[in-house]
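Residues per chain are reported as follows:
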Amino acid sequence: MIKLMKPYKIAPGRAKRYQAHYNVPALETLIVPLREFGDEVSCDIRWESGDQLHLLENKIFVSKNLVPLNPLIDSQLHEIWQHYYDKK
């Protein structure tokens, strides 16, 4: 089950498809689900390239194609999530 406003990444087996569809570096993107629509979720996509931070809003993903971020392995993406979404 997807948790809204939590950090995810694209499942490795689906990265190529989403990379082509949204023109993003799929394995290096933070995915944050914002709204749920049955089996799909509307998400923000964030990634860094060089000094620049990119954002795509309201992009649709099939829930099963997202996996929770591991803060130890994906520390850079987790820091982006903390900065923009984590409301402590």
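Please refer to the structure higher up on the page.
Computed from a predicted model, the values in this text were never measured in an experiment.

J.: I would appreciate a short explanation of helix α1 (residues 15-22) in the present structure.
T.: One turn of an α-helix holds 3.6 residues; hence residues three or four places apart share an orientation. Every buried residue of α1 is listed here: Ala15, Tyr18 and Tyr22. Seen along its axis, α1 keeps its buried residues to an arc of 70 degrees; they face one direction. Across α1 from its buried face, at more than 90 degrees, point the exposed residues Lys16, Arg17, Ala20 and His21. Next to the buried residues of α1 lie β1 (8-10), β3 (40-49) and β4 (52-62).

J.: I'm lost on helix α2 (residues 75-84) in this one. Help?
T.: Turning to α2, its buried residues number three or more, namely Leu77, His78, Ile80 and Trp81. With its buried residues spanning 155 degrees around the axis, α2 presents them on a single face. Projecting away from the buried face of α2 at angles above 90 degrees are the exposed residues Glu79 and His83. Summarising the contacts, the buried residues of α2 are in contact with β2 (30-37), β3 and β4.

J.: Can you help me understand the environment of Lys3 in this one?
T.: The residue Lys3 is located in the segment before β1 in this model. Considering only alpha carbons, one finds Lys3 and Leu34, 31 residues apart in sequence, at a separation of 8.8 Å. When neighbours within four sequence positions are excluded, Lys3 is seen to be in contact with Tyr8 and Pro33.

Thresholds, definitions, all that
Residues numbered from 1 in each chain as written. Predicted model: local features only at pLDDT ≥ 70, side-chain atom pairs only at ≥ 80, totals over all residues. Heavy atoms only, no water. Buried < 20%, exposed > 50% of the residue type's maximum accessible area, 1.4 Å probe, protein only. Helix = DSSP H or I, 4+ residues; strand = E, 2+ residues; numbered from the N terminus. Arc of directions from axis to C-beta. Contact = heavy atoms within 4.5 Å.

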